[in-house]
Amino acid sequence: QVQLVESGGGLVQAGGSLRLSCAASGSIFSSLTMGWYRQAPGKQRELVAHIFRDGSTNYANSVKGRFTISRDNPKSTVYLQMNSLKLEDTAVYYCMGAGTEFHSWGQGTQVTVSS
């Protein structure tokens, strides 16, 4: 298992940028698939991006070309760089770490995009 703590959320104007961080502990970070998910009020939690053990990535269509997921294995940290933010990006963003037989979740960090 792994403990995950997100940071970097906040209030930003539409068109602006934020970088979220997720610090991991309690496991071998480099062996995990990592991801970012988000949940807006009244909606289901949805995938934003995954980054796999070999560094390959996948993104939700709604964020392709705007968001970039990356990982720094020596720092046991995964990042989500968010550019060209839109009002519909407003949500609580959650970090996820997965091994072969478990998933762990962070507590979430609020991202609010204003007009």
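These notes cover the structure that comes with them. Worth saying up front: this structure is predicted, and the values here are computed from it rather than measured.

So, how was this worked out
- Residues numbered from 1 in each chain as written.
- Predicted model: local features only at pLDDT ≥ 70, side-chain atom pairs only at ≥ 80, totals over all residues.
- Heavy atoms only, no water.
- Pairing = 2+ DSSP bridges.
- Helix = DSSP H or I, 4+ residues; strand = E, 2+ residues; numbered from the N terminus.
- Axes fitted to C-alpha atoms, helices over the stretch in contact; angles between N-to-C directions.
- Core = buried A, V, L, I, M, F, W, Y, C linked by side-chain atoms within 4.5 Å.
- Buried < 20%, exposed > 50% of the residue type's maximum accessible area, 1.4 Å probe, protein only.
- Polar contact = N/O pair within 3.5 Å; in protein donor to acceptor, adjacent residues only side chain to side chain.

With respect to topology, 4 strands assemble into an open sheet ordered β1-β3-β8-β7, the strand pairing being antiparallel. A strand with exactly one partner marks an edge of an open sheet, and here the two such strands are β1 (3-7) and β7 (67-72). Across the sheet, the mean angle separating the axes of adjacent strands is 15 degrees when strand polarity is ignored.

One finds Met-34, Trp-36, Val-78, Leu-80, Met-82 and Tyr-93 to be the most contacted residues of the largest nonpolar core, which totals 29 residues. Those elements giving two or more residues to this core turn out to be β3 (18-25), β4 (33-39), β5 (46-51), β7, β8 (77-82), β9 (91-98) and β11 (109-114). The leading source of residues in this core is β3, at 4 residues.

Turning our attention to the pairing of β4. The buried fraction of β4 is high, at 6 of 7 residues. The pairing of β4 with β9 spans 7 bridges and is classified as antiparallel. Following the sheet pairing, Gly-35 is matched in β9 by Met-96. What sits between the antiparallel neighbours β4 and β5 is a turn of 6 residues, in which Gly-42 has the positive phi angle 80 degrees.

Its location among the elements puts Thr-77 in strand β8. Within the local environment of Thr-77, its side chain forms a polar contact with the backbone oxygen of Lys-75, the two atoms lying 2.9 Å apart.

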